[in-house]
Amino acid sequence: MASTLFTIPMATTTLSSSSIPSFLKFHTPFRSLRFPTPIPTFFHRKFTTLAVATRPSQSVEVSDSDQQNKIVLPTNDSSHTLLRIRHTCAHVMAMAVQKLYPQAKVTIGPWIENGFYYDFDMEPLTDKDLKRIKKEMDRIISKNFPLVREEVSRDEAHRRISALNEPYKMEILEGIKEEPITIYHIGEEWWDLCAGPHVESTGNINRNAVELESIAGAYWRGDEKKPMLQRIYGTAWENEEQLKAYLHFKEEAKRRDHRRLGQDLDLFSIQEDAGGGLVFWHPKGAIVRHIIEDFWKKVHIERGYDLLYTPHVAKADLWKISGHLDFYKENMYDQMSIEDELYQLRPMNCPYHILVYKRKLHSYREFPIRVAELGTVYRYELSGSLHGLFRVRGFTQDDAHIFCLEDQIKDEIRGVLDLTEETLSQFGFDKYEINLSTRPEKSVGEDDIWEKATAALKEALDDKGWAYQIDDGGGAFYGPKIDVKIEDALGRKWQCSTIQVDFNLPQRFDITYVDANSEKKRPIMIHRAVLGSLERFFGVLIEHYAGDFPLWLSPVQARILPVTDAQLEYCKDVTNKLKKYGIRAEICHGERLPKLIRNAEKQKIPLMAVVGAKEIETQTVTVRSRFGGELGTMPVDVFISRIKLAIENTASL
């Protein structure tokens, strides 16, 4: 199993919690080994190395010079014991809450990926309350209460719930269609409607491997018109070592949070005055986006795509034809009336590309036809679901559509896979999880074309040599698809690339071509995105690199630092010369040199060029690299040449 290594300083080094762990080894080459502010003596200190991976299990290695122990973090899928522990912890937590807060009403409490949660209708809670609840949970666990399953009739369940005055449980009972109704008791102290499974007794839970993590608001049934509940999240593991490894992983994920780094590095913001979920790209973030877009356009043109720009709005009738008004309306913004006609902000780019295709009659000789666009779309999301760059209301998709013949599907899919690999590897992603989703029960299109399209997807993946899992029946109603999840530096999986064969829209829009017999036929349409949303991909990039972008991608590649203002004019000349060669450089002055260096490190600037009186005399700069340490004094032209070479090879100095 693949795992990701990161290093945490031992007790010999004192760091704040926000900087732990400070070292990270990526899956990419050694150039990606990044060191934070600045402490070069870390090279000589003792470290504990943690390796963390996700599904089907998470693996954490703790090692030192004398021994190496491997901690495997199981998942709910890989460990039925862990699933039972987490489900039981949800019940124990609910029991603890009602012991401490008798007026609290219980709702639901499932296990989740890294733990469990339970929703309560009660007074607002604080972090201080979590400590009280955890202490009560420990008491319940130590009592070693048995978990007892009981089957009762619907009438009996109704009677018991009424006696407890639990309205949410009554609503849950009404939604249960099977009989008998099952109840789980914690000793004779507390019970809950539940289908299980659970551990045999609370004593099977290691209380030192359980932690309550946070409190959040959650609407009952996810409906904003229904009551706001208090949701308590917890994590639970089989032993203390697993919990410790998970908390290290969580701390590293927190250190990499793109929302914090976006603010610290001045990359982007969400301005509430403009509205939630709408992204403002600041100059530094916009530079990174410009680099991403330039590479994207270059590689698409090289691979035979024609670039498009299409409107942000269209007549509402277009979305009736596409079916979005029928199947996607809840995610679309309200229509606007313009000169007595209804218009709609676009939630998708597909219909526009079809209109471009329909502008003229096509011959079979023209195929394949590939069009691509960085198209901004707008989708309504509940305010509570918005999350930094990962869940927004306006975003830009790297959208493309291929119109082809049936016998071209395989080659076109293979071409998309090659393009996907080239693009993702450019940005430091070379580990993927691939899923092939096949025909669902409800679908459009003839059996033979479904079979041909699915076979073509499989053959393309086999030709590529990529291992994949089949999601039987998980395809869209309009065609089979391939989904690609990239693995980041912490082993987390992110859905980015998707390739979908579509038999629906060509039919809805009645698009055709003329075949060799001068007969009209319907082309195959392939939807595909490589990066997905640029906003979301940028968020993933920030967290993957912890804001420490490689030299070629860094918004500022070199910062010129004068020892005193007496060297300022020479620094301006050096900066202008770097800019002339396309190197993103800036001057920073007005502080003592140690502070200028610290500020550059905090802003994660890859290169610093220090200029003092000696450098002016010799027409040189003294270079310091975040990744390579002190590089020595060198002529400006040599500095420029080394930067250009490193950028061309996407390497660091």
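The residue numbers shown here count from 1 along each chain, following its written sequence. Per-residue local features are limited, in this predicted model, to residues with pLDDT of at least 70; the limit for side-chain atom pairs, both in listing and counting, is 80 or more; totals at the level of whole chains, interfaces and linings are taken over all residues. With hydrogens and water excluded, all non-hydrogen atoms of the structure serve as input to the side-chain values.

(A) Seen up close, the overall build of the protein chain. Secondary structure elements are taken from DSSP: a helix is a run of H or I of four residues or more, a strand is a run of E of two residues or more, and numbering for both begins at the N terminus. Within the protein chain, the secondary structure is distributed over 18 helices and 33 strands. Throughout this description, buried means an accessible area under 20% of the type-specific maximum (1.4 Å probe, protein chains only), exposed means over 50%, and partly exposed covers the range between. By the burial criterion, 54% of the 653 residues in the protein chain qualify as buried. The Shrake-Rupley method, run with a 1.4 Å probe sphere, supplies the accessible areas, and residue values consider only the shown protein chains as cover. When the accessible surface of the protein chain is summed, it comes to about 30500 Å², and 49% of that surface belongs to carbon and sulfur atoms.

(B) Representation of the layout of surface pockets within the structure. We place a 1 Å grid over just the protein atoms. Points where a 1.4 Å probe fits but has no way out form a cavity, open points with protein on both sides within 12 Å along at least 5 of 7 lines form a pocket, and any residue with an atom within 4 Å of a point lines it. Grid points are joined across faces, edges and corners, and a volume is the space filled by probe spheres set on the points. Within this model, the largest pocket holds a volume of roughly 1000 Å³. Each residue gets one label: Ala, Val, Leu, Ile, Met, Phe, Trp, Tyr, Cys and Pro are nonpolar, Asp, Glu, Lys and Arg are charged, and the others, such as Gly, are polar. Across the lining of the largest pocket, the residue classes break down as 14 nonpolar, 12 polar and 10 charged.

(C) Up close: the sheet that holds strand E20 (residues 369–378). At least two DSSP bridges between two strands are required for those strands to pair. An order of E16-E20-E21-E28-E25-E24-E22-E23 is seen for the 8 strands of this open sheet, with the pairing classed as mixed. Sheet topology places strand E16 (306–307) and strand E23 (469–471) at the edges, where each strand pairs with a single neighbour. Of the strand pairs in this sheet, strand E22 (residues 432–437) and strand E24 (residues 481–487) are connected by 6 bridges, and their pairing is antiparallel. Bridged to tyrosine 432 within E24 is isoleucine 486. Against the sheet, helix H12 (residues 447–464) touches E22, E23, E24, strand E25 (493–502) and strand E28 (524–533), its axis set at about 165 degrees to E22. Only heavy atoms enter the contact rule, under which two residues are in contact if any of them lie within 4.5 Å. Every axis in this analysis is a line fitted to C-alpha atoms, fitted for helices over the stretch in contact. Angles between the N-to-C directions lie between 0 and 180 degrees.

(D) Local environment of the environment of leucine 541. Position of leucine 541 relative to the elements: it lies in helix H14 (residues 534–545). Sequence separation between leucine 541 and phenylalanine 429 is 112 residues; the distance between their C-alpha atoms is 9.5 Å. Ignoring anything within four residues of it in the chain, the contact list for leucine 541 reads Ile292, Phe427, Phe429, Phe549 and Leu553.

(E) Structural detail: the pattern of salt bridges. Salt bridges are counted wherever a side-chain nitrogen of Lys or Arg sits within 4 Å of a carboxyl oxygen of Asp or Glu. Here the structure, examined in full by the defined rule, presents 47 salt bridges. For arginine 139, the salt bridge identified is with glutamate 136, shortest N-O distance 2.8 Å. Separated by 3 residues within a single helix, arginine 139 and glutamate 136 lie in helix H2 (residues 127–142), roughly one turn from each other. With a relative accessible area of 13%, glutamate 136 lands in the buried category. Between aspartate 398 and arginine 528 there is a salt bridge; the shortest N-O distance is 3.9 Å. Of this pair, aspartate 398 sits in strand E21 (residues 394–404) while arginine 528 sits in strand E28; the two residues are 130 residues apart in sequence, bridging distant segments of the chain.

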